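Observations on the model geometry
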Amino acid sequence: MTELIEASGLVKTFGRVRALDGLDLSVASGEVHGFLGPNGAGKSTTIRVLLGLIRASGGSVSVLGLDPWGDAVQAHRDIAYVPGDVNLWPSLTGGEAIDLLTSLRGGAAAGLRADLIEEFEFDPRKKARSYSKGNRQKVALIAAFARPASLYILDEPTSGLDPVMEAVFRRQITRVKKDGATVLLSSHILSEVEELCDRVTIIRSGKTVETGTLSELRHLTRTSFAVVTGADAATIGSLPGVHDVHTQADKLVFDVDTDSLQPVLAALASSGVQGLTVAPPSLEDLFLRHYGADLSRLEFEKEPA
Amino acid sequence: MFRLFRAQLRRDRWQLLYWILGNGLFAAASASALAQEFGNLAERTAILKLASGNRALLAIRGIPDGATEGATVYFEIFTYLALVAALMSTFMTVRHSRGDEEAGRAELIGSTPIARSSALAATLLLGILANVAMVIVVTAGFAAVGLPFGGAAFAGLATGAAGLAFCGVAALAAQLARTSRAANTIAGGLVGVAFLLRAVGDALGTASADGLHVTSTWPSWLSPIGWGQQVRAWGADESLLPLLLSVTLAVLAGAVAVVLVRRRDLGSGLVGERAGRATASRTLRGSFGLAWRLQRAGVIGWAVGGVLLGLFAGGLADPAIAAVKDNGDLAAAVQGLVGGGTAGLFDTFVAAIMAFLGILAAGAAIQAVLRGRSEEVDGHSELLLSGAVSKARALLDSILVALLSIVAVLLAGGLAAGLTFIAVGHPDRFGSSLAAAFVQLPAALVFVAASALVFALLPRLTVGLGWGMLTVGFVLGQFGGLLKLPDWLRDVSPFTHTPVVPGDRVDWTPLLVMAAISIAVAAVSIPLARRRDLVS
């Protein structure tokens, strides 16, 4: 599989601020790649470098096999982009903005444009200044999907959309993926990423902290158990790979490392289980494990030593 | 409300300070320059006699009322002091009313437990405060250079009253229009109308027998700037009564605005919104089409200004020339008003007006280049540049639109002047009017190239430097003589180098040099723009 986006050791400084600090990102052709990180982690900065809007201060980057800074125009012919904060020209109508934006890549496919306007339930005749955030987002989404591209770069594309429109968005992602396109989807809506993405990259403070398929990453996280059982907390807690054991009403609640599931299940089976809830490891857990550590450390630092 | 007032004041304090101190300095500098140039009564009497016979001078200055030092200063510069106060008030009022509403800040404030009209009331209060400060600073400026204090206070009050009147007018415009841009256009346009009404009313006025007093005709009495002029500070008929009109206008317009803001929905205007096009026209598809579309309304505004100047040149030339034809000294003095070559009186008069047209053209052009910067700040450039458009191409588009704007403004002014000349019986002057308009093109080009270079190298300073350059060029070009500035300093302004066309011995060299410099600088800026980050 060829890599459509290949960035390694990416550095971007603004004055004394180091927005990107050795970030690595590689997106293979044909995949939907999730790009995760908390606010201020450098997601939008990375995307702006990938689009050649700003120039990396260090590291190497290629997009569609081209240098995004030097060959920006050539690369953009095959890239559809939805910014995180869509700012439209207030005096243009939504329809005009859609046509203008697609014309910069060669023009919309007429049937596709009409279908999208209908699916997103969008009124293209209003001036952009009167659109809500969700409607502005729709303009950028329709413009992005109305002309086939080989790479879609989407920066938190569903912010401001209601759940029905989010579903429309997911259908479009599925459609372009079927056509063989590649998608880089920046988000902090984890359910969206879990549902759509083949692989994810997680960044923090301008650095890549985790990258891989969801099942690879799940391997790093834990499954949550809530059991009504005769076994006491100490017994369960002494098993290898079991963490955070505590009781909640009549339930025993604990987390188990993925590698240790087998022996824990065996131990539970022999202890007389009357009720059992198992929550699969979610991206959310993974996310919190990476950023939760930061939070607790921050709180820790506030305590006087 | 006082909290809102404090917040607004905090946001604006430096900007307002620049406007107010700038005006005070302008007052003091002009007064002291005039005292040096026309130190004795005989000299001042001569210049005022000259002026009261020349309708063009009455139009661009004001009305004389006696030959005291103060009265002469008031005649020379009051209109411009009032213009600055009016524009300051207009922009400030719209920024805090419709501007906040459009940006969504008004919604946030409106959700708190305060009255619907509190924000506007706070803005009007800020307007009063700013104009009181204007009164004090202008008075102090005049008094500091030794003019009698009574007249200085009158001049300060007249300046502040003009500003106050436009606080009210702008507050009203902000209720009518749905966008701050439209509100600024309406209120700023009315400032222009006020200037023109005063110019026409004073130009058509009748001079007294000794030539030291002029009585304005009725159009001056329709203009808040005209009311200030009628205060006649330091003059024989000095009076504050005309300012009652300014204050009344401010109170009435402000009250109507407050009533409207209480009754209307947030975000609505009295000018309704129609459904627009569902698809883009062929001309809008592409980056140049967008650049032109965004600038179109602005260009029309500047061109309307050009048409008015053209009408002015064509319509007032005859009476103005008739007044000075028999007076040799006067003719020589008028010719001294514009530099660069010797030319007939007619040509000199037209050239003096066309110099203003050149400033309008440069303004339109700078606005077109600066648009590139505001697009960047507003996040629109990010969308544009994510398409197959390079940063170099985007700047080239701005420069081409700037060029088109210059041509449109000059053509509008030249054609209006030429056609008016035909209408008043000078068909032979049609071609020369167009020539007099288009000779302004190279100076305007310099501003295009300079702002493009700033945009490419120092994006954050583009807007300030862009308008700053025009202001400096305008002041050096129009007031360089009055302020007795050294030649090298006046030569900094491109406008200084524009010759009088048609003339007997026109020196075309400066035009070619300015055009060549502009093309070279623009050609350097375009690749430079490609080398910088998008800076929001």
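None of the values given here were measured: they were computed from a predicted structure.

From N to C terminus, chain B includes 21 helices and 2 strands. For chain B, the C-alpha atoms occupy an extent of roughly 65 × 55 × 40 Å along the three principal directions. Relative to its full complement of 536 residues, chain B shows a buried share of 54%. For chain B, restricting intrachain contacts to residue pairs at least 6 apart in sequence, the fraction spanning at least 24 positions comes to 78%. Total accessible area on chain B is roughly 22000 Å²; 68% of this is exposed by carbon and sulfur atoms. Of the charged side chains in chain B, 39 are positive and 31 negative, and the gap between their average positions amounts to 12 Å.

This brings us to the nonpolar core. As a rule of thumb, soluble globular proteins bury nonpolar side chains together. Tyr74, Tyr80, Phe142, Trp234, Phe349 and Ile406 of chain B are the most contacted members of the largest nonpolar core, which has 118 residues in total. When residues of this core are assigned to domains, at least three fall in each of domain 1 (1–270) and domain 2 (282–536) of chain B.

On to the sheet that holds strand 10 (residues 222–229) of chain A. All names here are of chain A. The sheet built from 4 strands is open, its strands ordered 11-12-10-13 with antiparallel pairing. The sheet terminates laterally at strand 11 (242–248) and strand 13 (273–279), the two strands that pair on one side only. Strand after strand, the sheet turns through a mean of 20° between neighbouring axes, direction not considered. Pairing of strand 11 with strand 12 (residues 251–257), which is carried by 5 bridges, proceeds in the antiparallel orientation. When the sheet's bridge partners are listed, His243 is paired in strand 12 with Asp255.

This part is about the interface of chain B and chain A. Across the contact, 35 residues belong to chain B and 34 residues belong to chain A. On the chain B side of the contact with chain A, Glu382, Leu383 and Ala388 of chain B bury the most area, a combined 19% of that side's loss. One can count 4 salt bridges joining chain B with chain A. In this structure, Glu382 of chain B and Arg48 of chain A form a salt bridge, with 2.8 Å as the shortest nitrogen-oxygen distance. Applying the counting criterion to the chain B and chain A interface returns 21 residue pairs in polar contact (both at pLDDT 80 or more). For the side of chain B that touches chain A, the elements supplying multiple residues, two or more each, are helix 12 (287–324) and helix 15 (380–385) of chain B. Considering each element in turn, the side of chain B that touches chain A owes the most residues, 5 residues, to helix 15 of chain B.

Next up on the list: the domain arrangement of chain B. Residue and element names in this part refer to chain B. Per the domain assignment, the segments making up chain B are domain 1 (1–270) and domain 2 (282–536). Distance between the C-alpha centres of domain 1 and domain 2: 26 Å. The interface of domain 1 with domain 2 comprises 23 residues on the first partner and 22 residues on the second. In total, about 1800 Å² of surface goes out of reach between domain 1 and domain 2, with carbon and sulfur atoms giving 76% of it. Seen at the junction of domain 1 and domain 2, the total is 0 salt bridges. Linking domain 1 to domain 2 there are 0 residue pairs in polar contact (both at pLDDT 80 or more). Sorting the residues of the side of domain 1 that touches domain 2 by element identifies helix 1 (2–37), helix 3 (55–60), helix 4 (69–96) and helix 9 (180–203) as the ones contributing at least two each. With 7 residues, helix 1 is the largest single contributor of residues to the side of domain 1 that touches domain 2. When grouped by side-chain class, the residues that make up the side of domain 1 that touches domain 2 number 14 nonpolar, 4 polar and 5 charged.

Residues and elements named next belong to chain A. Mapped onto the fold, Thr46 is located in helix 1 (residues 43–50). A polar atom in the side chain of Thr46 sits 2.6 Å from the backbone oxygen of Gly42. In this view, Thr46 contacts Leu10, Leu20, Leu23, Leu25 and Phe35; residues no more than four positions away in its chain are not counted.

Reading the values: rules and limits
- One numbering rule holds for all chains: residues counted from 1, following each sequence as written.
- Note on labels: chains are lettered from A, ligands numbered from 1, in written order.
- Whole-chain, interface and lining totals are the exception, using all residues; otherwise, since this is a predicted model, local features are given only for residues with pLDDT of at least 70 and side-chain atom pairs are given and counted only at 80 or more.
- By convention in this description, side-chain values take in all heavy atoms of the structure and omit both hydrogens and water.
- Strands are runs of DSSP state E lasting at least two residues, helices are runs of H or I lasting at least four, and both sets are numbered from the N terminus onward.
- Exposure categories follow from relative accessible area, calculated using a 1.4 Å probe and restricted to protein chains: below 20% of the type maximum is buried, above 50% is exposed, and the middle band is partly exposed.
- We call two residues in contact when some of their heavy atoms are within 4.5 Å.
- Note that accessible areas follow from Shrake-Rupley with a 1.4 Å probe, and for residues the cover is restricted to the protein chains shown.
- None of His or the chain ends enter the tally, which takes Lys and Arg as positive and Asp and Glu as negative.
- Where a charge lies is defined by one atom per residue type: Lys uses NZ, Arg uses CZ, Asp uses CG and Glu uses CD.
- What we call a nonpolar core is a set of buried Ala, Val, Leu, Ile, Met, Phe, Trp, Tyr and Cys residues that are connected through their side-chain atoms within 4.5 Å.
- The source of the domain bounds is an automatic or database domain assignment.
- Pairing between two strands is assigned when DSSP locates at least 2 bridges connecting them.
- Angles shown run from 0 to 180 degrees and are taken between the N-to-C directions of axes, each axis being a line fitted to C-alpha atoms and, for helices, limited to the stretch in contact.
- The term buried area denotes the loss of accessible surface (1.4 Å probe radius) that occurs when two parts are joined, taken as the sum for both partners.
- Within this document, salt bridges are pairs made up of a side-chain nitrogen of Lys or Arg and a carboxyl oxygen of Asp or Glu, the two lying within 4 Å of each other.
- Definition of a polar contact: a pair of N or O atoms within 3.5 Å, with one able to donate and the other able to accept a hydrogen when the atoms are protein atoms, and with sequence-neighbouring residues admitted only if both atoms are side-chain atoms.
- Polarity classes work like this: nonpolar for Ala, Val, Leu, Ile, Met, Phe, Trp, Tyr, Cys and Pro, charged for Asp, Glu, Lys and Arg, and polar for all others, with Gly in that last group.

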